[in-house]
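Overview (structure and organization)
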Amino acid sequence: MSVVQDKIQLEKQAPARSWLWPGLVIGLIVMQAALAGTLIVCATNDPSFAVEPDYYRRALNWDAEAAQRRASDSLGWTLSLEVAPAANVVGEREVRFRLRDHAGAPINDAHLDVTVFHHARGNERIGLMPAEKGGGEYICAAPLRKAGTWEFRVRALRGMDQFVATELVEVEPSRGKAP
């Protein structure tokens, strides 16, 4: 009877052992799929990853953009900008733009369109519309909350004249609160 009991005992254990290797393979496949899904979510939600907006159209029109930059340079205009060292209570800093012509005279009555972004977060672009204050100065408040390198892309229009400039500004951490 002991042979019969051993055979019955083996038959009871066989189904448990038959799932061991397929279960291990299925478990590894599930772990790999979970890891791949996690990596896909991390890669697609990275705020520091950015693609230049409308890059393909810009690449096709590169010659036109180069001609526009040459025409802008031929105007002889210069742009300087200054970012306030302190932020106001809502975290915005005053940004002051100064436009001058080739002789250093202020350029008034221009319309400025500015796009600004932090280099560590190139996908988070901010549009600014500075208001003219006279004497070639244009001022606006910008939410420059992060310290580091900010890129300002400025387009100034006055009549038929169009000026484009890109400025990189190192913004320090806010020193106190501005009124």
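You'll find the structure just up there.
Residues numbered from 1 in each chain as written. Predicted model: local features only at pLDDT ≥ 70, side-chain atom pairs only at ≥ 80, totals over all residues. Heavy atoms only, no water.

1. Notes on the packing of aromatic side chains
For the record, the criterion: Only centres within 6.5 Å qualify two rings of Phe, Tyr or Trp (six-membered ring in Trp) as a pair; their planes then separate them into stacked at under 30 degrees, edge-to-face at over 60, and tilted for everything else. Under the scheme used here, helices are H or I runs from DSSP no shorter than 4 residues and strands are E runs no shorter than 2 residues, and both carry numbers assigned from the N terminus. Summary of the burial criterion: residues with accessible area below 20% of their type's maximum are buried, those above 50% are exposed, and those between are partly exposed, where the area comes from a 1.4 Å probe applied to protein chains only. In our convention, an over-ring charge means Lys NZ or Arg CZ found within 6 Å of a ring centre and within 35 degrees of that ring's normal.
For the coordinates displayed, the defined rule picks out two aromatic pairs. Ring centres 5.8 Å apart and planes at 45 degrees place the aromatic pair W77 and F163 in the tilted group. With W77 in the loop between α4 (62-75) and β1 (78-83) and F163 in strand β8 (residues 161-171), this residue pair connects regions lying 86 residues apart in the sequence. Seen from their ring centres, F97 and F152 are 6.2 Å apart, and the 70 degrees between their planes marks the pair as edge-to-face. With F97 in strand β2 (residues 93-100) and F152 in strand β7 (residues 148-158), this residue pair connects regions lying 55 residues apart in the sequence. Of the two residues examined, F97 and F152, each falls in the buried class. The ring of F117 carries R125 above its face, with NZ or CZ at 4.2 Å from the centroid.

2. Remarks on α4
How we decide: A helix is expected to reach a length of 1.5 Å times the quantity of its residues less one. Working note: the arc is built from the helix axis to C-beta atom directions.
Compared with an ideal rise of 1.5 Å per residue, which puts 14 residues at 20 Å, α4 spans 20 Å between its outermost C-alpha atoms and is within 8% of the ideal. Of all the positions in α4, only E65, A66 and S72 are classed as buried. One side of α4 carries all its buried residues, which in axial view fall inside an arc of 120 degrees. Projecting away from the buried face of α4 at angles above 90 degrees are the exposed residues D63, R70 and S74. A positive backbone phi angle near 80 degrees is found at G76, which sits one or two residues after α4.

3. Thoughts on the pattern of salt bridges
Counted only if it meets this: A side-chain nitrogen of Lys or Arg and a carboxyl oxygen of Asp or Glu constitute a salt bridge if their distance falls within 4 Å.
Tallied over the full model, the rule gives 11 salt bridges. The residue E52 makes a salt bridge to R153 at a minimum N-O spacing of 2.6 Å. Of the two residues, E52 is situated in the loop between α2 (20-44) and α3 (55-60) and R153 in strand β7; the sequence distance between them amounts to 101 residues. Here R96 makes a salt bridge to E94, at a shortest N to O gap of 2.9 Å.

4. A word on the pairing of β2
Stated formally: Each pair of strands is called paired provided DSSP finds at least two bridges between the two strands.
Sheet topology note: the β1/β2 ladder contains six bridges and is antiparallel. Each bridged residue has a counterpart across the sheet, and for E82 the counterpart in β2 is R96. As judged from the six bridges shared by β2 and strand β6 (residues 137-142), these two strands associate in the antiparallel manner. Across the sheet, R93 pairs through a bridge with A142, a residue of β6.

By themselves these figures say nothing about function.
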